[in-house]
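Coordinate analysis (summary)
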Amino acid sequence: MGGCVDLPLGLFELDMNNLDEGVEFLPAMNSKKMEKRGPKRQVVVTILIIVFLLVSLTTGLLFWHFKYRNTPIQKVFNGHLRVLNWEFLDAYENSSSPEFSMLAKKVKSTVEEIYKNHADIGPYHKETVITAFSEGSVIAYYWSEFLVPKYREESLDRAMADKQSLVQRWNPRLRNPMLKVESVIAFREGQAGAASPANSCMFSLHAKEGEVTSFTTPGFPNSPYPNNALCYWALRADASSTISLTFKTLELEPCRDDSDYIKVYNSLSPVEPHALVRLCGNYAPSYNLTFLSSQNVMLVTLVTNKEGRFPGFKAEFFQLPKMKACGGSLKGDSGTFTTPYYPAHYPPDTDCVWNIEVSSIKNVKVRFNMFYVLEPGIPVSSCTKDYVQINGTRYCGEHSQFVVASTTNRIELLFHSDQSYTDTGFSAEFLSYDSSDPCPGKFTCNTGRCIDRSMRCDGWLDCVDGSDERSCTCTEQQFRCQNGWCKPKFWVCDNVNDCGDNSDELQCSCAADSFKCDNGKCVPSTQKCDGKDDCGDGSDEGSCLTTVPCKKYTYKCRSGHCISKQNPECDGEQDCEDHSDEDNCNCGLRSYVRKSRIVGGQNSDVGEWPWQVSLHVKGQGHICGASLVSASWLVSAAHCFLPLQGIRYSDPSLWTAYLGLTNQGDLSGSGVQTHKIKRIISHPFFNDYTYDYDIAVLELQRPVTFTAVIQPICLPDATHNFPVGKDLWVTGWGATAEGGTGASILQKAEIRLINQTVCNQLLTDQLTPRMMCVGILTGGVDACQGDSGGPLVSVEASSRMFLAGVVSWGDGCAQRNKPGVYSRLTSLRDWIQEHTGL
Ligand code: 4AZ
């Protein structure tokens with residue numbers, strides 16, 4: 001035995017010698033010994049190797065067979081079938097009733113029989129459970145579990161997907177079947193049932209004629225919904241009805257891949273092809289969350305993960321008669337029409353046709369004012385699921401206003417929704433037009449849309465196809481882009497590609513060995529990150545990411561060390577060794593991830609600007625805006641507190657701050673908090689002639705409670721850089737036109753930061769370093785009287801919003817080349833810190 005063992009070892013050594021020169025060969029005398037015993041030993045070795053190989057092969061095969069080929073995988077299918085020869089009883093809605101159990105038993109054995117007769121299904125079927133019944137005659141819902149070897153999985157999937165074969169295999173076989181079934185449909189289980197929840201709940205609700213039925217997540221609104229939960233709400237209506245379901249409030253965990261979610265199905269089976277919507281996060285109260293079913297059932301599921309505390313939802317549903325038909329024939333010069341139940345989500349599985357006809361001497365066009373026909377995962381180029389079709393062209397997705405014109409007096413419009421995922425739909429009007437003058441008094445876009453003549457050649461694309469900006473002769477104040485468009489000269493070299501072909505930014509590029517500063521200046525590349533502010537705005541010392549000597553433009557960590565990264569505060573990255581750049585960052589975020597898509601114009605949605613404050617004076621109503629920067633402090637403009645007509649506006653007892661407010665007409669609305677002011681500190685250098693240092697901080701008598709509609713805005717560091725050309729948002733209840741009255745609904749406007757030198761020229765040298773100009777130089781968008789003191793905010797890294805300015809003054813409102821002037825927060829930041837500690 002000893003020799004036998006020696007030999008293979010020797011072989012290995014030989015092998016290894018080929019690899020490693022340091023291993024010695026066996027001595028010559030040993031090899032002689034081996035030669036002598038050679039033939040017998042070789043036979044033994046060969047047999048041993050063969051045996052070894054055979055054993056390995058068999059083990060491998062067995063291992064593969066059991067582990068991969070034969071080890072069954074568990075698969076669950078959700079299905080439903082229609083029982084034709086059975087009457088529906090109310091008791092079938094209660095799964096613990098004897099009637100339910102009796103029918104469930106029959107359906108179960110029918111399903112089992114169907115499976116048994118199918119060679120690709122029967123052998124792998126483990127269990128079927130009947131979960132619910134609904135009317136029509138009787139629809140039974142069930143799930144079936146299978147244990148199937150991997151190599152048979154595909155054929156099982158195929159067989160289960162073939163509803164024809166499932167029914168055919170059943171009916172002819174039984175000469176006298178107790179249950180006549182059809183439409184046996186099953187789908188692979190989606191996520192909803194795949195979880196292994198610790199908490200599950202099941203509710204069954206039937207709509208009552210003429211009544212609205214409410215339901216909520218467990219514990220709502222006093223305690224959060226459970227973690228690790230899977231809850232079902234089976235909603236039913238009478239046989240010839242459909243269901244309208246509305247989520248009145250919805251506050252779930254913010255959306256992530258594995259976050260909590262609810263799904264609504266147009267079926268009592270949680271199957272993806274019948275899913276209507278998947279919702280997570282938090283929706284503004286005005287967001288339309290109404291869904292329609294196509295039949296008399298709906299299923300709501302809630303799937304939660306193992307952590308988080310969120311309130312959940314409150315929902316309502318009622319039944320309504322099944323829609324008979326939609327679409328129809330529309331005649332006349334103009335008219336309006338919408339998708340069924342607009343602005344609720346249109347029902348699935350619906351087809352509508354509108355035949356529109358105007359007077360025979362005119363042409364007809366259709367203008368979509370709202371268009372939301374978006375199906376998740378479907379590119380707008382294909383429109384294979386839900387769509388609108390006009391003259392053979394399909395439209396889907398989300399669009400701002402657009403027009404489809406016909407060259408005759410008729411148009412046929414078709415709307416189709418498939419089984420799954422619905423959206424808000426469209427609201428449209430049809431209009432007759434004269435083919436020789438389609439837009440009387442207006443400019444006609446190539447798409448057929450009519451826009452104001454003043455919008456032609458103004459630098460903004462008002463026609464979606466840009467036809468309003470083509471073939472323009474540029475004015476004195478405009479720059480001609482290479483693509484022929486005319487843009488305001490102030491947009492040249494502002495670091496924004498306004499032309500679309502970047503030609504407005506080309507003449508400004510610096511030489512190859514130099515660096516382009518954010519303010520457009522060129523400095524030698526060697527001066528970048530040299531610790532000196534060569535640009536004058538610190539941009540050559542930004543993003544160097546090293547600890548540097550502290551300078552005016554370097555961010556100072558709490559430790560006293562300075563870093564040269566630009567705008568490091570609250571950007572989600574820890575830049576200071578002591579992480580102080582990411583401290584106090586509970587600010588600048590909206591609570592609602594989805595805001596309303598229906599509210600039009602420049603009205604703000606509830607909770608869209610949760611730091612916006614309305615400052616009221618007793619007997620006078622809203623006077624100025626302000627921004628919430630912490631639980632106890634507001635930032636506003638000093639000029640709001642100047643004495644006027646004998647009234648001492650600097651007296652804090654005159655003022656009341658309204659927080660969480662959107663509509664001035666609803667001061668006691670839900671979510672609104674009122675606070676008295678403890679003290680008003682205006683900047684001591686405020687100059688009521690020049691409006692230099694126009695800033696004030698206000699301390700509240702008691703701290704606010706942060707809510708979904710009340711949140712603080714982030715204060716930028718004094719070194720924060722808001723680059724010229726950046727789009728910023730201004731909000732307020734100020735006048736909507738110069739000399740006009742204030743707005744009732746909080747207004748918002750997107751405006752641009754303008755170069756300080758350019759603006760100083762426009763405003764005849766009235767700017768100081770504590771001011772900045774923001775606006776649209778073509779006019780039309782601006783802050784105005786009553787917006788003063790309110791926020792000018794910038795969306796920064798990690799979507800946080802920072803206070804960039806405070807509405808201060810202007811030469812009128814929204815005039816051409818007269819942008820609004822704002823107090824520059826960064827220049828006044830140290831003073832704010834000194835008085836508020838923030
Ligand atoms: C004001 O009177 C006012 N166009 C505020 C801002 C602007 C003009 C006037 C800017 O409160």
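Anything mentioned here points back to the structure above.
Not measured: the values here are computed from a predicted model.

Turning to helix α4 (residues 150-161), a few remarks are in order. For α4, with twelve residues, the first-to-last C-alpha span of 17 Å sits near the 16 Å given by 1.5 Å per residue. Taken together, the buried positions of α4 are Glu153, Ser155, Leu156, Ala159 and Met160.

A covalent bond between the sulfur atoms of two cysteines is referred to as a disulfide. Enumeration over the complete set of coordinates arrives at 16 disulfides. Through a disulfide, cysteine 326 is tied to cysteine 352; the S-S separation comes to 1.9 Å. Where cysteine 326 bonds to cysteine 352 through sulfur, the torsion about that S-S bond is close to -95 degrees, and the disulfide is left-handed. Separated by 26 residues along the polypeptide, cysteine 326 in the loop between β13 (312-321) and β14 (327-331) and cysteine 352 in strand β16 (residues 350-357) bring together distant segments of the chain.

What follows is about the nonpolar core. Among the nonpolar cores identified, the biggest contains 51 residues, and Leu615 and Leu634 are the most heavily contacted of them. For this core, the secondary-structure elements that each account for two or more residues are β33 (612-617), β34 (621-628), β35 (633-636), β36 (655-659), β37 (673-682), β38 (696-700), β43 (801-809) and α8 (825-836).

To continue, consider α8. In this model α8 runs just 14 Å from its N-terminal to its C-terminal C-alpha over twelve residues, more than 12% under the 16 Å that 1.5 Å per residue would give. Of all the residues in α8, the buried ones are Leu825, Thr826, Leu828, Arg829, Trp831, Ile832 and Thr836. Elements in contact with the buried residues of α8: β35, β37, β38, β43 and β44 (820-824). Following α8 by one or two positions, glycine 837 has its phi on the positive side, about 80 degrees.

This part takes up the environment of leucine 431. Looking at the element boundaries, leucine 431 is found in strand β23 (residues 425-433). For leucine 431, a relative accessible area of 19% gives the class buried. Through-space distance from the C-alpha of leucine 431 to that of valine 366 is 6.4 Å; in sequence the pair is 65 residues apart. Ignoring sequence-local partners within four residues, the contact set of leucine 431 consists of Asp333, Ser334, Asn363, Val364, Lys365 and Arg367.

A contiguous nonpolar surface patch, about 340 Å² in accessible area, is contributed by Val43, Ile47, Val51 and Val55. Turning to its location among the elements, valine 55 is positioned in helix α2 (residues 28-69). You can call valine 55 partly exposed: its relative accessible area is 48%.

Before going further, it helps to spend a moment on empty space enclosed by the protein. Tallying each qualifying case throughout the model produces four cavities of 30 Å³ or more. Asp605, Val606, Gly607, Glu608, Trp609, Pro610, Gln612, Gly660, Leu661, Thr662, Val709 and Leu746 together form the lining of the second largest cavity. Class assignment for the residues of the lining of the second largest cavity results in six nonpolar, four polar and two charged.

Bringing unusual backbone geometry into the picture now. Cis geometry marks the peptide bond from phenylalanine 220 to proline 221, where omega comes out at 0 degrees. Despite not being glycine, cysteine 383 has its phi angle at roughly 45 degrees, a positive value. Looking at the secondary structure, you find cysteine 383 in the loop between β17 (363-373) and β18 (387-390). Despite not being glycine, serine 471 has its phi angle at roughly 50 degrees, a positive value. For serine 471, the location among the structural elements is in the loop between β25 (450-451) and β26 (478-480).

Moving on: the sheet that holds β36. The six strands lie next to each other as β33-β34-β35-β38-β37-β36, forming a closed barrel whose pairing is antiparallel. On average, adjacent strands in this sheet sit at an angle of 45 degrees to one another, irrespective of strand direction. Of the pairings in the sheet, the one linking β33 to β34 comprises six bridges and is antiparallel in character. Counted as the bridge partner of leucine 615 is cysteine 624 from β34. Across the sheet, α8 is in contact with β35, β37 and β38; its angle to β38 comes to roughly 25 degrees.

Turning to its location among the elements, serine 267 is positioned in the loop between β9 (261-265) and β10 (275-279). Note on serine 267: relative accessible area 3%, which makes it buried. Of the polar contacts made by the side chain of serine 267, one reaches the backbone nitrogen of serine 269; its length is 2.9 Å. If sequence neighbours within four positions are ignored, serine 267 has contacts with His80, Tyr141, His274, Val297, Met298 and Leu299.

Taken together, the residues surrounding the ligand are Asp782, Ala783, Cys784, Gln785, Gly786, Ser788, Val807, Trp809, Gly810, Gly812, Cys813 and Gly820. A distance of 2.7 Å is found between a nitrogen atom of the ligand and a side-chain nitrogen or oxygen belonging to aspartate 782. Alanine 783 is positioned such that a nitrogen or oxygen atom in its backbone is 2.9 Å from a nitrogen atom of the ligand. Against a free-state accessible area of 300 Å², the protein chains account for coverage of 84% of the ligand. Of the residues contributing to the shell around the ligand, the split by class is five nonpolar, six polar and one charged.

Okay, the packing of aromatic side chains next. Under the definition given, this model contains 29 aromatic pairs. Judged by centre distance (5.1 Å) and plane angle (90 degrees), the rings of phenylalanine 247 and phenylalanine 313 are edge-to-face. On the criterion of sequence distance, the pair formed by phenylalanine 247 in strand β8 (residues 241-251) and phenylalanine 313 in strand β13 is long-range, its members being 66 residues apart. The pair formed by phenylalanine 247 and phenylalanine 313 is uniform in burial state, with each residue classed as buried.

Following the sequence through the fold, lysine 365 ends up in strand β17. Aspartate 437 provides the closest opposite charge to the buried, unpaired lysine 365, separated from it by 8.9 Å. A polar contact is formed between the side chain of lysine 365 and the backbone oxygen of proline 438, at a distance of 3.5 Å. When neighbours within four sequence positions are excluded, lysine 365 is seen to be in contact with Val403, Val404, Ala405, Glu429, Phe430, Leu431, Tyr433, Pro438, Cys439, Gly448 and Cys450.

Side chains of β35 alternate between two faces, with Trp633 and Val635 and Leu634 and Ser636 buried alike. The pairing of β34 with β35 spans two bridges and is antiparallel. For serine 627, the partnering residue across the bridge sits in β35 and is valine 635. Connecting the antiparallel pair β34 and β35 is a turn made up of four residues. Looking at chain direction, β35 and β38 are connected through four bridges and run antiparallel. Along β38, the bridge assignment pairs valine 635 with valine 697.

Cut-offs applied
Counting restarts for each chain: residues are numbered from 1 in the order of the written sequence. Whole-chain, interface and lining totals are the exception, using all residues; otherwise, since this is a predicted model, local features are given only for residues with pLDDT of at least 70 and side-chain atom pairs are given and counted only at 80 or more. Water and hydrogen atoms play no part in the side-chain values, which are based on all heavy atoms of the structure. The numbering of helices and of strands both runs from the N terminus, where a helix is a DSSP run of H or I of at least 4 residues and a strand a run of E of at least 2. What a helix is expected to span follows from its residue count: subtract one and scale by 1.5 Å. The buried label applies to any residue whose accessible area, calculated with a 1.4 Å probe on protein chains only, is under 20% of its type's maximum; exposed applies above 50%, and partly exposed to all values in between. Disulfides are defined as pairs of cysteine sulfur atoms found within 2.5 Å of each other. What makes a nonpolar core is a set of buried Ala, Val, Leu, Ile, Met, Phe, Trp, Tyr and Cys residues whose side-chain atoms join them at distances within 4.5 Å. By the convention used here, residues are in contact when the closest approach between their heavy atoms is within 4.5 Å. Note that patches include only residues with greater than 30% relative accessible area and no salt bridge, and the join distances are 9 Å for like charges and 5 Å for nonpolar side chains (Val, Leu, Ile, Met, Phe, Trp, Tyr). Here the accessible surface of atoms and residues is derived via Shrake-Rupley with a 1.4 Å probe, and residues count as covered only by protein chains that are part of the display. Salt bridges are counted wherever a side-chain nitrogen of Lys or Arg sits within 4 Å of a carboxyl oxygen of Asp or Glu. A cavity here means a set of 1 Å grid points, computed over protein atoms only, where a 1.4 Å probe fits but cannot escape. A pocket is an open set with protein on both sides within 12 Å along at least 5 of 7 lines, and lining residues have an atom within 4 Å of a point. Grid points are joined across faces, edges and corners, and a volume is the space filled by probe spheres set on the points. When residues are sorted by character, Ala, Val, Leu, Ile, Met, Phe, Trp, Tyr, Cys and Pro go into the nonpolar class, Asp, Glu, Lys and Arg into the charged class, and all the rest, Gly among them, into the polar class. Criterion used throughout: strands pair if DSSP finds at least two bridges between them. Every angle, taken between N-to-C directions, lies between 0 and 180 degrees, and every axis is a line fitted to C-alpha atoms, over only the stretch in contact when it is a helix. Two N or O atoms count as a polar contact when they lie within 3.5 Å, although within protein this holds only if one can serve as hydrogen donor and the other as acceptor, and sequence-adjacent residues are included solely when both atoms are side-chain atoms. Each residue is tested against the molecule or strand, and it is near if at least one of its non-hydrogen atoms lies within 4 Å. Classification of ring pairs uses Phe, Tyr and Trp, with its six-membered ring standing for Trp, and accepts pairs whose centres are within 6.5 Å; under 30 degrees between planes counts as stacked, over 60 as edge-to-face, and the remaining range as tilted. Under the counting rule used here, the positive set is Lys and Arg, the negative set is Asp and Glu, and His together with the chain ends is not counted.

Any functional reading would require information beyond the geometric quantities listed.
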